[in-house]
Amino acid sequence: REICDHLDGKQSLDAAIAATQKHHRRLAKRQLSWFRGEKRLQWLRVDETTPLDACLATILHALES
């Protein structure tokens with residue numbers, strides 16, 4: 001929507017980018033709120049130092065439970 005507004009001359013490119021970023025942040029916040037309320041989910045913390053086999057073992061253990 002924001003890029004269409006920019007292409008139609010309704011807002012500048014900077015304004016379109018800022019609006020897009022704001023809408024994406026709001027969407028991410030709504031998604032996190034929804035996920036927090038979903039009791040069936042199990043969060044898995046992963047970063048660049050987490051070995052892949054450890055991630056897979058955690059997932060398989062959760063599936064077996």
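This text follows the structure it describes.
For the structure given in this document, a descriptive report is provided here. (Residues numbered from 1 in each chain as written. Predicted model: local features only at pLDDT ≥ 70, side-chain atom pairs only at ≥ 80, totals over all residues. Heavy atoms only, no water.)

Re the overall build of the protein chain
Argument step 1. For the protein chain, the count of helices and strands is three helices and zero strands.
Argument step 2. Principal-axis analysis of the C-alpha atoms places the extent of the protein chain at approximately 55 × 30 × 15 Å.
Argument step 3. Accessible surface for the protein chain amounts to roughly 6100 Å². Of this, 58% is attributable to carbon and sulfur atoms.
Argument step 4. Taken as two groups, the 11 positive and 9 negative side-chain charges of the protein chain have centres that lie 12 Å from each other. (Helix = DSSP H or I, 4+ residues; strand = E, 2+ residues; numbered from the N terminus. Areas by Shrake-Rupley, 256 points an atom, 1.4 Å probe, with all protein chains shown as cover. Lys, Arg positive; Asp, Glu negative; His and termini not counted. Charge placed at Lys NZ, Arg CZ, Asp CG, Glu CD.)

Some thoughts on the side chain of E2
Argument step 1. Among the secondary structure elements, E2 is positioned in helix α1 (residues 2–7).
Argument step 2. Put simply, E2 is tucked away with no salt bridge, and the nearest opposite charge, on R1, sits 4.0 Å away. (Buried < 20%, exposed > 50% of the residue type's maximum accessible area, 1.4 Å probe, protein only. Salt bridge = Lys/Arg side-chain N within 4 Å of Asp/Glu carboxyl O.)

Brief notes about the pattern of salt bridges
Argument step 1. What the rule picks out here adds up to one salt bridge.
Argument step 2. Between E38 and R40 there is a salt bridge whose closest N-O contact spans 2.8 Å.

So, the packing of aromatic side chains
Argument step 1. Across all of its chains, the model carries two aromatic pairs by this definition.
Argument step 2. Seen from their ring centres, W34 and F35 are 5.1 Å apart, and the 75° between their planes marks the pair as edge-to-face.
Argument step 3. Given the relative accessible area of 52%, W34 is considered exposed.
Argument step 4. Look at F35 and you get partly exposed, because its relative accessible area is 31%.
Argument step 5. Here F35 and W43 contribute two aromatic rings whose centre-to-centre distance is 6.0 Å and whose plane-to-plane angle is 75°, an arrangement assigned as edge-to-face.
Argument step 6. Put simply, the rings of W34, F35 and W43 pair up and form one aromatic cluster. (Phe/Tyr/Trp six-rings, centres within 6.5 Å; stacked < 30°, edge-to-face > 60°.)

Scope: geometric values only; no functional claims are made or implied.
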